[in-house]
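Coordinates in review
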Amino acid sequence: MGKKNISICWPHSVVFFCLVFLLLLLLTPSLCQDDSDDDGDSTTAVYIVTLRQAPSHFQDELIRVGNGFRHAPPGTRRTRLQKPRPANVTKTGRGHGSYIIRFHDLLLKRVFKGEKYLKLYSYHYLINGFSVLVTPQQAEKLSRRREVSNVVLDYSVRTATTHTPQFLDLPKGAWFQAGGFENAGEGITIGFVDTGIDPTHPSFADDESQPPAHFSGICEVTRDFPSGSCNRKLIGARHFAASAITRGIFNSTQDYASPFDGDGHGTHTASIAAGKHGIPVVVTGHNFGNASGMAPRSHIAVYKALYKRFGGYAADVVAAIDQAAQDRVDIICLSITPNRRPPGIATFFNPIDMALLSAVKAGIFVVQAAGNTGPAPMSMSSFSPWIFTVGAASHDRIYSKSIFLGNNVTIPGVGLAPGTDENTMYKLIHAQHALNDDTTLDDDMYVVECQDASKFNQDLVQDSILICSYTVRFVIGSSSIQQALETAKNLNAVGVVFSTDPFLTGFQLNPIPMKMPSIIIPSANDSKILLQYYKSLLEKDAASNKIVKFGGFASICGGLEANYSNVAPKVMFYSARGPDPEDSLPHEADILKPNLIAPGNSIWAAWSSLGTDSDEFLGENFAMMSGTSMAAPHVAGLAALIKQKFPNFSPAAIGSALSTTASLNDNIGKPIMALRSHISPELNQSPATPFDMGSGFVNATAALDPGLLFDSSYDDYMSFLCGINGSAPAVLNYTGQNCWIYNSTIYGLDLNLPSITIAQLNQSRVVQRTVHNIAGNETYSVGWSSPYGVSVKVSPTHFFLANGETQVLYVIFNATSNSSVASFGRIGLFGNQGHVVNIPVSVITKISYNFTTN
């Protein structure tokens, strides 16, 4: 997610957590919403109900037998690389969908017989079910009906560019292969489940292309989203808020009962993936270059299900996903994550992930943000193997900013702001020493945040650099940078320097636009150096103890010009880490997460004209934000380029192309590094592992020519789910399918993924992978490096594949030592025509039994 323009990962300090919690409780009680109101025995709550009957999309995969239906036999199932959606799916599905909705209404009437209830949504395309507002007792009645397979309490979710096209080598690489940016992504529709969109933004202006014929969505018209808001670029928009409304927290004015984005997050992510090319990024009057999405000719469909004040709820998100699939989008981008890990037998069995599994069955590629809970291990918020999970990395652009002190010490900082006169040093004065006679720190403990000019003596401040304190109140929105700058301007200060409160020892602050010479010093240690210099030169009257001379001087160096000298990419410290959370249970989810990393730090992109998610960008057309929310749409846009070139690729094939071609080195040719701590992250880094970066950093150009593919089908995922111990009832509840129809079950390790992760290696294991050649005839040689404590052998070590042929690879693992510390290796397939296929290998627990005989 990319909340405000600050990506925060709090330090491990109980005192600090308590301070933040108390401030949130006192200052922003509306932000403390949780699900506690859902737990009462007599109050109503929203429940998501799934029925046993198949949804309307599945009807095209059933064949009529007499008066009933049965599943098509295995031989009639489509091949994995075949075009996944027949032309008649929409018509067939919609007719059956109307019948399903009527059945939902009839069932509710029969069950409750005059009792009060409120149906919020009927889900019929991806899952057959509905969400309903009832009491726990009524929910229990529903669960006992033979037509009902599953009843789940609704839960909350939250939201988890200019230079990146050049950094990803798109103009000369992927865009060139797609026919230039004029054609990049043409005919592909990306559906965004987010906070909406600002349709007036130039990034979504009309273009000359025609919407894809298969898309069947609509453009919702409201007062906030008038007729004409959609065009040939933005081809569909809806909003979903029924669950939020039932809780009494939805305000139609503040939250906009329309697809309009009153937050900014959704506009930002949509423009990263598919914004138009060449839009000038102008913030506070300064031009920072041209903006562009990854697939500038792709079409955008918006499904607003999240809101600034309270986030969102699963019932609304599932409705958005179900509608997006029914509208026949090609890609779904989710820059959202659950507020907590779903309970139950496995994390995969939750309404959102199950709806997304059906979306994958419909041929839709699903991208999700990994979450911003790093660098803790197993902190993933996106865990299912059918979802493509993206972590956040830095890029090479930086905005250098510093303050030069009178003792020749230079302190680095951040801020998109001009500098002071480079030939002049200006007096420093701290806010606490510039108060007027009517104000004391005892009267106003927050006065040092410089939020009110009337508290200060203008004669002391004018022509000086004012020092203000940057505290947790700026983080939670009780104080703002812009208000402090307004204070300084009214006092005729020449500039402002923000020193970080010592409590804020673990967060990253992105460059913030400031209209006057200003700098924020994010490091508490650097702030201490500034304040020590300032205090050391204060002269006080011995009798009165009043300050009679301010001896500290400084100048602020400008920070409006970008340079591209940053070593990148690096895995950001806040990016959630793998492995998949279920990997703590052997054989249940040997799945690598994240799948890969993409640019997610300090990303310029479009901003809603009324977006309030970040006060510092209020009223601007563009904003700079950080988080895995910014990384996911990069991959969604690049997936559109792959889908455009290979329209018959399955979702797994698209994911394979992105994964196997990922880069392992940074822009200076060294292994990609991962930041290990939110405290002084640049001083706490080490080489990234697959649990940090998945397969590596996305390589857009190589992904369009992957050579070999690892593919998986819906049936493979179902066999995997059925292989989880005790999962058969959950599978039946969510999918309406019995595990017995699958001839065999498989473990996560056996899924044909472009990676190998073993949670527990008990002596030895043989892992099988199948590759499919989509390029020309080619001979491959196989190389590998073994994880520590493991011996690896791959067979065959050489093979030839003609176009369209497949090859089975056998990887033999033997534990050579006992260890519970994860270790990593890699398998490489090197083609004589230049294709290189990268397969990361991870082994966590190793158990080796060494017997000796006398």
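About the thresholds
Residues numbered from 1 in each chain as written. Predicted model: local features only at pLDDT ≥ 70, side-chain atom pairs only at ≥ 80, totals over all residues. Heavy atoms only, no water. Pairing = 2+ DSSP bridges. Helix = DSSP H or I, 4+ residues; strand = E, 2+ residues; numbered from the N terminus. Axes fitted to C-alpha atoms, helices over the stretch in contact; angles between N-to-C directions. Patch = residues over 30% accessible without salt bridge, like charges linked within 9 Å, V, L, I, M, F, W, Y side chains within 5 Å. Areas by Shrake-Rupley, 256 points an atom, 1.4 Å probe, with all protein chains shown as cover. Salt bridge = Lys/Arg side-chain N within 4 Å of Asp/Glu carboxyl O. Core = buried A, V, L, I, M, F, W, Y, C linked by side-chain atoms within 4.5 Å. Buried < 20%, exposed > 50% of the residue type's maximum accessible area, 1.4 Å probe, protein only. Contact = heavy atoms within 4.5 Å. Expected span 1.5 Å × (residues − 1). Arc of directions from axis to C-beta. Disulfide = S-S within 2.5 Å. pLDDT = per-residue confidence, 0-100. 1 Å grid on protein atoms, 1.4 Å probe; cavity = no way out; pocket = protein on both sides within 12 Å on 5 of 7 lines; lining within 4 Å. Points joined across faces, edges and corners; volume = space filled by probe spheres on them. Nonpolar A, V, L, I, M, F, W, Y, C, P; charged D, E, K, R; others polar.

**Describing the sheet that holds strand β45 (residues 823–831)**
Spatially, five strands are ordered β39-β46-β45-β41-β43 in an open sheet, and the strand pairing comes out mixed. Of all strands in the sheet, those bounded by a partner on one side alone are β39 (756–762) and β43 (798–801). Averaged over neighbouring strand pairs, the angle between their axes works out to 25° when direction is ignored. As judged from the eight bridges shared by β45 and strand β46 (residues 836–847), these two strands associate in the antiparallel manner. Paired with Ile-827 across the two strands is Ile-839, which belongs to β46.

**Observations regarding a nonpolar patch on the surface**
Taken together, Val-766, Tyr-810 and Ile-812 make up a surface patch of nonpolar side chains, about 250 Å² in accessible area. Positionally, Val-766 belongs in strand β40 (residues 764–773).

**So, the nonpolar core**
Val-193, Ile-332, Trp-386 and Leu-721 are the most contacted members of the largest nonpolar core, which has 65 residues in total. If one sorts the elements of this core by residue count, helix α8 (residues 314–326) sits on top with nine residues. Discounting residues that sit within four places of it in the chain, Ile-332 has contacts with Gly-191, Val-193, Ile-321, Ala-324, Ala-359, Ile-364, Phe-365, Val-366 and Val-367. One finds Phe-260, Ala-631, Ala-657 and Leu-704 within the second-largest nonpolar core, a separate group that totals 54 residues.

**So, the sheet that holds strand β23 (residues 426–430)**
With mixed pairing, seven strands are arranged side by side in an open sheet as β22-β21-β30-β23-β24-β25-β27. With one partner strand each, in any of the chains shown, β22 (410–412) and β27 (518–521) form the two edges of the open sheet. Between one strand axis and the next, the sheet turns through 30° on average, direction left out of account. Here β23 runs beside strand β24 (residues 465–470); their pairing, made up of three bridges, is parallel. Residue pairing across strands places Leu-428 opposite Ile-465, the latter belonging to β24. This element, helix α12 (residues 481–490), spans β24, β25 (495–500) and β27 of the sheet and lies at about 135° to β25. Sheet strands touched by helix α13 (residues 524–536): β21 (402–405), β22, β23, β24, β25, β27 and β30 (553–557). Its angle to β23, the strand with the most contacts, is close to 105°.

**Focus: α13**
With 13 residues, α13 should reach 18 Å at 1.5 Å per residue; the first-to-last C-alpha distance of 18 Å fits that figure. Ser-527, Leu-530, Tyr-533 and Tyr-534 are the residues of α13 that are buried. The arc that holds the buried residues of α13, viewed along the axis, is 125°, so those residues lie on one side. Exposed side of α13, more than 90 degrees from the buried face: Asn-525, Lys-528, Lys-535 and Ser-536 are the residues found there.

**Focus on the pattern of salt bridges**
One pass over the structure, following the stated rule, counts 13 salt bridges. Taking the shortest distance from any N to any O, the salt bridge between Glu-140 and Arg-144 comes out at 3.6 Å. The class of Glu-140 is partly exposed, set by a relative accessible area of 40%. Exposure remark for Arg-144: the relative accessible area of 57% places this residue in the exposed category. Residue Asp-750 pairs with Arg-765 through a salt bridge whose shortest N-O separation is 3.4 Å. Separated by 15 residues along the polypeptide, Asp-750 in the loop between α19 (728–735) and β39 and Arg-765 in strand β40 bring together distant segments of the chain. A residue is classified by how much of its surface remains accessible, and Asp-750, at 28% relative accessible area, is partly exposed.

**Section: the state of the cysteines**
As used in these notes, a disulfide is a covalent bond between sulfur atoms, one from each of two cysteines. The full count for this structure, using the stated rule, is three disulfides. The residue that forms a disulfide with Cys-722 is Cys-739, at a sulfur-sulfur distance of 2.1 Å. Note on the Cys-722 and Cys-739 pair: the S-S dihedral is about -90°, so by sign convention the disulfide is left-handed. Note that Cys-722 is positioned in helix α18 (residues 714–722) and Cys-739 in the loop between α19 and β39, a separation of 17 residues in sequence. Cys-722 sits in the buried class, given a relative accessible area of 11%. Along the chain, the cysteines that take part in disulfide bonds pair up as 1-2, 3-4, 5-6, counted in sequence order.

**A word on the environment of Phe-130**
Structurally, Phe-130 can be placed in strand β6 (residues 129–134). Taking the C-alpha atoms as reference points, Phe-130 and Tyr-47, 83 residues apart in sequence, are found 8.4 Å from one another. For Phe-130, the contacting residues outside a window of four places in its chain are Tyr-47, Ile-48, Val-49, Leu-51, His-104, Leu-107, Leu-108, Lys-119, Tyr-121, Ser-122, Tyr-123 and Leu-142.

**Focus: the confidence of the model for the chain**
Predicted coordinates in regions of low pLDDT should not be interpreted in detail. In this model, the chain carries an average pLDDT of 83, and 84% of its residues clear a pLDDT of 70 or more. Note that residues 1–41 has pLDDT below 50 and, in this model, 104 contacts with residues that lie over four places away or in other chains. Taken as a whole, residues 161–171 scores under 50 in pLDDT and shows 52 contacts with residues more than four places along the chain or in a different chain.

**Examining empty space enclosed by the protein**
The computed volume of the largest cavity comes to approximately 250 Å³. Contributions of two or more residues to the lining of the largest cavity are made by β18 (365–369) and α15 (651–660). The element contributing the most residues to the lining of the largest cavity is α15, with five residues. Its volume calculated, the second largest cavity comes out at about 80 Å³. Lining the second largest cavity are twelve residues, with Pro-338, Asn-350, Ile-352, Asp-353 and Gln-368 positioned closest to its centre. Per-class residue counts for the lining of the second largest cavity are seven nonpolar, four polar and one charged.

**Section: unusual backbone geometry**
At the junction of Lys-593 and Pro-594, the peptide bond is cis and its omega measures out at -5° in the coordinates. With respect to the element layout, Pro-594 can be found in the loop between β32 (570–571) and β33 (596–599). Here Ser-795 and Pro-796 are connected by a cis peptide whose omega angle stands at 0°. One can find Pro-796 in the loop between β42 (790–795) and β43. Phi at Arg-328 takes a positive value of approximately 70°, unusual for a residue other than glycine. Following the sequence through the fold, Arg-328 ends up in the loop between α8 and β16 (331–334). A positive phi angle, near 70°, is found at Gln-763, a position not held by glycine. Note that Gln-763 resides in the loop between β39 and β40.

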